[in-house]
Amino acid sequence: MGKFYWLEEIEPTEVNLVGEKALALSQLGRLGYPIVPGFVIPTTTLKAFLKRLGESEPLLVDLADSSLYVDVDDYQALQKLTRHIRVAISATALEVDWLEDLSQEIKKLGTPTLIIRPSVTIPQKREEHLHGVLMAQVCRNDPKALERAIKQVWADLFSAKSLFYRQRMAIARLPVHCALLVQPLWKVVASGTLTTNEQTWSIQSSWGLGQSWVRGEVDPDTYSIKANQGILTAKHLGHKTRAYEILAPSESRTNPLDVIALTEAQQNDYALDYQNLQDLIELSRRLLEEGKQHFSLEWILCSEQDKLQLYLTQFTPERTPYFRPPPMALEQSSVLVTGMPASPGRVIAPAMVIFPNQKPRPAIPPGSILVTQGLTSDWLPLLQHSIGIVLETGGMTSHGAIIARELGIPALVGATQATHQIQTGELILLDATRGEVYRYTGNSDPLEEPENPETEGHFPLVLRGNPSPRTEESDEAEHDWIGTQLWVNVSQPDLAEEVAQCRVDGVGLLRAEMMMMGLLHQQSLAQWLADPQALVDGLRQGLERFAAAFKPRPIFYRTTDWRFPEYPALGENWQGGANPLMGLRGTYHYQFHPALFEAELKALQAIQGRYGNFRVILPFVRSVAEFRYCRDRLAEIGLLRSPTFQLWIMAEVPSVLFLLGDYIEAGVQGIAIGTNDLSQLLLGVDRENPPLAQFYDQDATALKRMLQQLITQAHTYQIPCSICGQGVLEIPDFVDHLVQWGVTALSVEPHAIESTYQTLARAEKRLLLAAARVTKANGQS
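If you're wondering where the values come from, they're calculated on a predicted model, not measured in any experiment.

Participant: Where do I start with the overall build of the chain in this structure?
Facilitator: Looking only at helices and strands, the chain has 24 helices and 31 strands in total. Excluding contacts between residues fewer than 6 apart, the proportion of contacts in the chain whose partners are at least 24 apart in sequence is 69%. In the structure as shown, the chain presents an accessible area of about 32,000 Å², 51% of it carried by carbon and sulfur atoms.

Structure follows, in C-alpha cells:
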C-alpha cells in the first residue's frame, strides 16, 4: 500500500502525497524549528484502500478519488449513504503486511500514545477549506487501536458533515488528497495558539492538551504583542477550570486521555511563564524575518527531564481569505456591544437585525448572525438558518441559548442596545467565548465569492478552533465503563442520528417545545391545534427519528413547558403573567389547554408500541394534584400499560423535597433535577434580569445542600435521580459530590459529552480509591 514519509525526508514536490499540514511542518523542521517528529501515511494508501473497497462494494466505486458528489439537501439519502460508507470502511480490514510495516515505523516513535492527524491537499484550493471538519484521532500504540483510528479519519472524509461542507464550499467535485500524519503524544504541560498580522501578534495558552480550549471548555489566557517589536502590550488571565492529560498505559483503560480539575492556584496562574512567552515571541520574529508571511500556528510545552521544551504542532500560512483569524486583541473602540457568553465560539458573518414585533417577518439569509431583542417560540426556527446569535435579553438558560448550544452555534445574551449598535448587512465578529461583538475590518472579505461557485450564497467564516482529537471508538468489551449513566440533552430531530453515535446511555432531556421548532416554522401552534390529528402526525414524525436513532436506549421526553412571554405560543389571549418563571406554565397549564398535552401523549403512544424506549418527564410540577391529573391522562391514552414506560417529574419547585414521598405514592417513578429553575426559586434570583444575575451562584451552599437531600432521598426511596442542569457540572470537583451522594445519571448538552464522561470516570475512581483506603485502614486497626 505504499511507503511511509518521515517529516525530515519530505520534498516540496511531494505535497499531493503528504498533504499541506505535513509539508509545512517538514519545512519548519529542516529550518531548525522545534517540531514533533513523525511520519506520513501517504494519500496513495487511502486510494488503494478505497479502490479495494469499490471492488466489493459497487456503490462505492467512485470513492477512489475522494470527490463524491451527492444531493446534500436530501437529508435522509445523505444519511443513508454516509452510514453505508462508514460501515463499509470500518468492516474492511487493512492489509496484514502493510500493518506489520506500519508497526515497525511506529516503534521508532517510542511512545505509548499516538495522535493521527489528517493532512489534506485540494487542487487549486487550501487545506483550510476542511479545517474543523476532519477530526484527528488519539489512540493507544497497539495494532487494533491504531487500525481503528486510521479508518475513523478516513471515514470522516465521507461523513454527512464533510460532504455537506465540501459542496457548500464549492469543492465537492474536486479530488481531496488525504494523508495521515502519525506523531507521538507526550506529557503536555501547556498548549495554545499564536497568530500574527500587521499590527498585533496574539498568543493564547491554557494548561494541558489542547482539547480544553478547542472544545470551548475554558477561556485561555491571552497575550497581545506589538508586531515586529515583540513587546508585550497587554495580557488577560483566562478562566481555566480543567485540563486534559495523557493517562499511563493500563489494561483496563483504552481511552488514553483524562480530564482533571485544576486547583485554585492553577486557575489563577498564567499557563506561560516569562521565558516561554519570550521563546514564542522570538520564534515568531524569526519566522517573519526569514520571509514567512503572516501565519497562525499551534504549540505545546512538554516536560522533558525537568525542563519545558517548546514544540510546534501546526503551521498555517495565511494565503486565502478563508479562516483568517482576526487579532485576539482588538482596539477597545471597535467593540460594538458586550454580553454574556451563552454558547462558545467565534464567527464572522453579516448581521441580520430584527426589531421586536417586526411585521412582516423578514427572510433570514442563511449564514447570517441574528441580532434581536429576544426570542419567542415563533422565532426559534430562525436559529436553524443562523450561524450566530446576539440577544439583548435572556440568560444562560434561556431557550435561545439552549438551542444555540445544542446546534453548536455561538450565542451572546444580555447584549444591551445590540439592535441599535449593529446594522443589518455589516460584517461583524461575534466572539461568544469572550462575550464581545466587533465590527470586522479585516484586509480581505472572508465571504468573497468562491472562484468556481457551485451553490448560491456565501459560506460564513467560522472560527471555533481546530478539530478536537477524538479517542478511538472501542468495542463494548473494551469500554471504560462508568457506574453513573451519562445522558444527552437534545431536542432537534435533525441532530438525533449524529448525537446517537456518541458514547451516551440515552437522551436525558428532550424538550418538547424545542422539538416543535420545525412545526412552528410551518404555522403557529394555534393553527396546529385547529387540526389536532395533523399535530399528532407532525409530533410523531419528530419522535420517531429520536426513537429509531437511539433504540434501545431510553429517551426522556419532557412534555411542553410553555412560558409567557418567552413562549407566547398559545396566542395573545393567553396571559401567563409577566414573570415566565412563576406564571402559568408546566403541568398546571395542561388543565387550561388540554388539547396540546393530549396530542403529545397520542404521538408518544403511536411510537411507544413500536420502539418502546420513551419515558415521560412532567415539567415544573407544583403539587401532587397536578401530577395525578397528568398521570390519569397518560393512563387514558394507554401509555402506562407499556412495560418499558416510566413516568418522572422534574424536581424544580423546592417543595418537592418535602413531598417526594407523596409523589412516589401517587406514581412517580423517578426525578430529574432541573438546577436552573430550582436554584432561582431557592435563592430568589432571576437569572434573566441582568442586574440580579450577578447574585445567581450555582455553587451556593444552599443549593448544594438541597441537591444532597434530594439525591439521598431518592436513593432512600429506591427511585432513580438525574441532574439535567449543566451549570453545576462546571464547578471543579462538584461532580465528586454528586457521585458520592448517589446520583443515577447526568444529562448534558452534546458538546460536553466527552468532558463529562472523563470527569465522571475520574470522580468514580477517586471515590473507589478513598473507599479502598478506608477499608485498608480499618483492616490494619
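Participant: Got a minute to help me understand helix α9 (residues 274-289) in this structure?
Facilitator: In an α-helix, one turn spans 3.6 residues; hence positions three or four apart end up facing the same way. Given a rise of 1.5 Å per residue, 16 residues ought to cover 22 Å, and the 22 Å separating the end C-alpha atoms of α9 matches this to within 8%. Every buried residue of α9 is listed here: Asn276, Leu277, Leu280, Ile281, Leu283, Ser284, Leu287 and Leu288. Burial along α9 is one-sided: seen end-on, the buried residues are contained in an arc of 155°. Across α9 from its buried face, at more than 90 degrees, point the exposed residues Tyr274 and Glu289.

Participant: Which parts of the structure should I look at to understand the sheet that holds strand β13 (residues 307-317)?
Facilitator: Backbone-to-backbone hydrogen bonds pair the strands of a sheet. The strands run either parallel or antiparallel. The six strands are arranged β9-β8-β7-β6-β12-β13 in an open sheet whose pairing can be described as antiparallel. The open sheet is flanked by β9 (231-236) and β13, the only strands paired with a single partner. Averaged over neighbouring strand pairs, the angle between their axes works out to 20° when direction is ignored. One ladder, built from ten bridges, connects strand β12 (residues 295-304) with β13; its direction is antiparallel. Pairing of Leu301 across the sheet is with Leu310, part of β13.

Participant: I tried to follow helix α23 (residues 734-741) on my own but got confused; where do I start?
Facilitator: Within α23, six of the eight residues are buried, leaving the element largely enclosed by the surrounding structure. For α23, the full list of buried residues reads Phe734, Val735, Asp736, Leu738, Val739 and Trp741. Gly742 lies just past α23 and shows a positive phi near 105°.

Participant: So what exactly am I meant to see when it comes to the pattern of salt bridges here?
Facilitator: A side chain of one charge can pair with a side chain of the opposite charge when the charged atoms of the two come close. Evaluation of the coordinates by the stated rule reveals 20 salt bridges. The salt bridge partner of Asp677 is Arg585, with a shortest N-O separation of 2.9 Å. With a gap of 92 residues between them, Asp677 in helix α20 (residues 675-683) and Arg585 in the loop between β26 (555-558) and α17 (594-611) connect regions that are remote in the sequence. Taking relative accessible area as the criterion, Asp677 reaches 6% and is therefore assigned buried. On the basis of relative accessibility, which here comes to 1%, the residue Arg585 falls in the buried class. Each member of the salt-bridge network shares a partner with another, and the members are Glu245, Asp258 and Arg762.

Conventions used here
Along each chain, numbering runs from 1 in the same order as the chain's sequence is written. The predicted origin of the model limits local features to residues at a pLDDT of at least 70 and limits the giving and counting of side-chain atom pairs to 80 or more, whereas totals for whole chains, interfaces and linings rest on all residues. Values reported for side chains reflect all heavy atoms of the structure, with hydrogen atoms and water molecules removed beforehand. Numbering of helices and strands starts at the N terminus; helices are DSSP runs of H or I of at least 4 residues and strands are runs of E of at least 2. Contact criterion: two residues are considered in contact whenever any of their non-hydrogen atoms come within 4.5 Å of each other. Only the protein chains shown count as cover for residues, and the accessible areas themselves come from Shrake-Rupley with a 1.4 Å probe. In this analysis, the expected span of each helix is defined as 1.5 Å times one less than the number of residues it contains. Residue exposure (1.4 Å probe, protein chains only): buried if accessible area is under 20% of the type maximum, exposed if over 50%, otherwise partly exposed. An arc is given here, and it is the one of the directions from the helix axis to the C-beta atoms. When DSSP finds two or more bridges between two strands, those strands count as paired. Helix axes are fitted to C-alpha atoms over the stretch in contact, other axes to C-alpha atoms as well, and angles between N-to-C directions run from 0 to 180 degrees. The term salt bridge refers to a pairing of a side-chain nitrogen on Lys or Arg with a carboxyl oxygen on Asp or Glu at a separation within 4 Å.

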